[in-house]
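Close look at the chain arrangement
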Amino acid sequence: MFSKILIANRGEIALRVLRACREMGIRTVAVHSTADADAMHVRLADEAICIGPPSSKDSYLNIPAILSAATLTGAEAIHPGYGFLAENADFAETVEAHGMTFIGPSPEHMRTMGDKISAKTTMQMLGVPLVPGSDGAVEDVATAKEVAAKICYPVLIKAAAGGGGRGMKVAQNEGEIENAWQMARAEARAAFGNDAVYIEKYLDKPRHVEIQVMGDGKGEVVYYGDRDCSLQRRHQKVLEEAGSPAVTPEERDEIGTIVANALAKMKYSGAGTIEFLYQDKQFCFIEMNTRLQVEHPVTEMVCNVDLVREQIMVAAGEKMSHRQEDIHVTGHAIECRINAENSDNFAPCPGLITIFHAPGGPGVRVDSAIYSGYKIPPYYDSMIGKLIVHAPTRPQAIARMQRALQECVVEGVDTLIPLHRKILASEEFQSGVYTIHTLEEFVERLS
Ligand code: ADP
């Protein structure tokens, strides 16, 4: 087992990784920008090294600085968290070239899944069901029209390198396709420096349901049930639950087995999430994320596992601590993302947190790096924490989350807590009957 791990991230996920390391008796190295000198992960780590100025590109994305910090401190492995360098295959390769372990999948698997076109081709070959669409990249408008006519409008033009909902445009009919195709390409080129696009059938009322997996890199892969992440704003997840209120245990096991078998054939290593759109009882693969996800705690709660611990174990060449038959989904879990944003207009709200009181009690978990007197820097993502609850049934989990949201106090900055209270109280959420459009419609009605 490693004796020292460098955590190449910040905020709640840096703390999450640090906690797993500490429980495993592994020493930790925090890296931070000058803007994060007072951050909780820096305070709690065994060692901390400043890697640059506030801008992410000069600090948390600064590969030479991170590698120097790792070499200087004698770290044996690097955990990338999520975001920043977590899905950067070149980074993973460079870490390994420096004789350290990258805690994540092989660079080859990261590359295959990082390109959504090769991800879809690979998954199809391995027997995973897809959203109907183009066979690979669509090079010109004439081909786009042909494909769209075949799969029927509306269609979605998507960037092969896409992420964060960027480079995605809907065309309702043939009249709209040229414009959508041009816009998706321009956005993809600007955001990712790669303007390859492909086409998918635009599903009108899907849910976003995803499967969490972990592989040991030797052909053993387990799945940990599903998560429903349909409640999104601008393609960004806001609230997640495990399991999906729409998916039966039989359907969950069926798709979980398909996914685990597919990834076992690849000899996948580490944590991964296979994302599907789910509509009319069909699962359609959209993409795979080759890292730990923000919403991993809901899975940890219902499956009683520590996914970061498992990531570290397999990266160190150890066995996972369980097999598929040991994993049972128990009860229901919900996560609310607490963003420092105004609940009405979603304007980011960095600044000083004058008072923070975390909720507690049975079945409540808070994953956050904030504290009273903490100043949220304006340079990074607005998510400042996650509130997670676990209870025997979904109605009990809803009641528990409502209770926890009542207890939670964050003063000095605006947060999404008022919005979460309204979502939890809504008929749409309580019924469990919602789609990827429900939250946008709900927010629209509130405004
Ligand atoms: P990104 O990597 O940018 O997040 P995804 O492919 O994961 O892109 O899609 C993000 C979200 O966009 C999905 O959760 C879903 O809400 C919506 N979406 C993606 N593909 C489709 C589709 N074919 N039909 C309808 N909605 C889609």
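Quick note: structure is the one above.
These remarks concern the structure in this document. Remember, it's a predicted structure, so these values are computed and weren't measured experimentally.

Topic: the sheet that holds strand S6 (residues 155-159)
Read from one edge to the other, the open sheet built from 3 strands follows the order S7-S6-S8, with strand pairing classed as antiparallel. Looking at strand neighbours, the two that pair on one side only are strand S7 (168-171) and strand S8 (197-201), the edges of this open sheet. In this sheet, neighbouring strand axes are inclined to one another by 25° on average, regardless of whether the strands run parallel or antiparallel. Pairing of S6 with S7, which is carried by 4 bridges, proceeds in the antiparallel orientation. The residue of S7 that forms the bridge with Val 155 is Ala 171. This element, helix H6 (residues 116-125), spans S6 and S8 of the sheet and lies at about 50° to S8. Sitting on the sheet, helix H7 (residues 141-151) is in contact with S6 and S8, with an inclination near 15° to S8.

Concerning the site of the ligand
The local shell around the ligand holds 21 residues, among which Lys 158, Gly 165, Lys 201, His 208 and Glu 287 are the closest. A distance of 2.9 Å separates a nitrogen atom of the ligand from a polar backbone atom of Lys 201. Within the contact set of the ligand, a nitrogen atom lies 3.0 Å away from a backbone nitrogen or oxygen of Leu 203. Isolated, the ligand exposes 550 Å² of accessible area, and the fraction of that covered by the protein chains is 96%.

Description of the sheet that holds strand S12 (residues 269-279)
Judged by pairing direction, the sheet is antiparallel, and its 8 strands sit side by side in the order S13-S12-S9-S10-S11-S14-S19-S17 without closing on themselves. Looking at which strands have only one partner, the edges of the open sheet turn out to be strand S13 (282-289) and strand S17 (364-368). Going from strand to strand, the sheet's axes swing by 25° on average, the running direction of each strand aside. Two elements, strand S9 (residues 207-216) and strand S10 (residues 221-233), share 6 bridges in a ladder whose sense is antiparallel.

Quick word on the packing of helix H12 (residues 394-407) against helix H13 (residues 417-425)
The contact between H12 and H13 brings their axes to 10 Å, and the two run at 155°. Compared by their axis directions, H12 and H13 come out roughly antiparallel. Viewed along their axes, H12 and H13 form a crossing whose handedness is left-handed. Contacts from Ile 398, Met 401, Gln 402, Leu 405 and Gln 406 in H12 reach Ile 417, His 420, Arg 421, Leu 424 and Ala 425 in H13. Each residue belonging to the contact of H12 with H13 can be placed in one class, and the counts come to 6 nonpolar, 3 polar and 1 charged.

Considerations on the pattern of salt bridges
Within the structure shown, the criterion is met by 32 salt bridges. In this structure, Glu 300 and Arg 16 form a salt bridge, with 2.8 Å as the shortest nitrogen-oxygen distance. You can see Glu 300 sitting in helix H10 (residues 296-303) and its partner Arg 16 sitting in helix H1 (residues 11-23), a full 284 residues away along the chain. Judged by its relative accessible area of 7%, Arg 16 is buried. For the salt bridge of Lys 237 with Glu 275, the shortest nitrogen-to-oxygen distance reads 2.9 Å. A residue pair is termed long-range when its members are at least 10 positions apart, and Lys 237 in strand S11 (residues 236-242) and Glu 275 in strand S12 qualify at 38 residues. Classification of Lys 237 as buried rests on a relative accessible area of 14%. The class for Glu 275 is buried, based on a relative accessible area of 4%. Counted as one network, the salt bridges with shared partners bring together Glu 210, Arg 227, Lys 237, Glu 240, Glu 275, Glu 295 and Arg 337.

Brief notes about the side chain of Thr 435
If you trace the backbone, Thr 435 turns up in the loop between helix H14 (427-431) and helix H15 (438-446). On the basis of relative accessible area, Thr 435 is assigned to the buried category, the value being 18%. Leaving out residues up to four positions away in the same chain, Thr 435 has contacts with Lys 205, Pro 206, Arg 207 and Ser 230.

Examining H12
Since the α-helix advances by 3.6 residues per turn, residues separated by three or four positions end up pointing in the same direction. The terminal C-alpha atoms of H12 lie 20 Å apart, and with 14 residues this matches the ideal 20 Å at 1.5 Å per residue to within 8%. Those residues of H12 that sit buried are Arg 394, Ala 397, Ile 398, Met 401, Ala 404 and Leu 405. Across the axial projection of H12, the buried residues extend over an arc of 130°, all falling on one side. Among the exposed residues of H12, those pointing more than 90 degrees away from its buried face are Pro 395 and Gln 406. Looking at the buried side of H12, the elements it contacts are S11, strand S14 (332-339), S17, strand S19 (383-391), H13 and H14.

Focus on the environment of Pro 350
Relative to the elements of secondary structure, Pro 350 occurs in the loop between S14 and strand S15 (351-352). Under the relative-accessibility criterion, Pro 350 is labelled partly exposed at 37%. Once the C-alpha coordinates of Pro 350 and Asp 195 are considered, the two residues, 155 residues apart in sequence, prove to be 33 Å apart. Apart from the residues lying within four places of it in its own chain, the contact partners of Pro 350 are Ile 376, Pro 377, Pro 378 and Val 413.

Calculation criteria
Residues numbered from 1 in each chain as written. Predicted model: local features only at pLDDT ≥ 70, side-chain atom pairs only at ≥ 80, totals over all residues. Heavy atoms only, no water. Pairing = 2+ DSSP bridges. Helix = DSSP H or I, 4+ residues; strand = E, 2+ residues; numbered from the N terminus. Axes fitted to C-alpha atoms, helices over the stretch in contact; angles between N-to-C directions. Contact = heavy atoms within 4.5 Å. Near = heavy atom within 4 Å. Polar contact = N/O pair within 3.5 Å; in protein donor to acceptor, adjacent residues only side chain to side chain. Areas by Shrake-Rupley, 256 points an atom, 1.4 Å probe, with all protein chains shown as cover. Parallel < 35°, antiparallel > 145°, perpendicular 65-115°, else oblique. Left-handed = near helix turned anticlockwise from the far one by under 90°. Nonpolar A, V, L, I, M, F, W, Y, C, P; charged D, E, K, R; others polar. Salt bridge = Lys/Arg side-chain N within 4 Å of Asp/Glu carboxyl O. Buried < 20%, exposed > 50% of the residue type's maximum accessible area, 1.4 Å probe, protein only. Expected span 1.5 Å × (residues − 1). Arc of directions from axis to C-beta.

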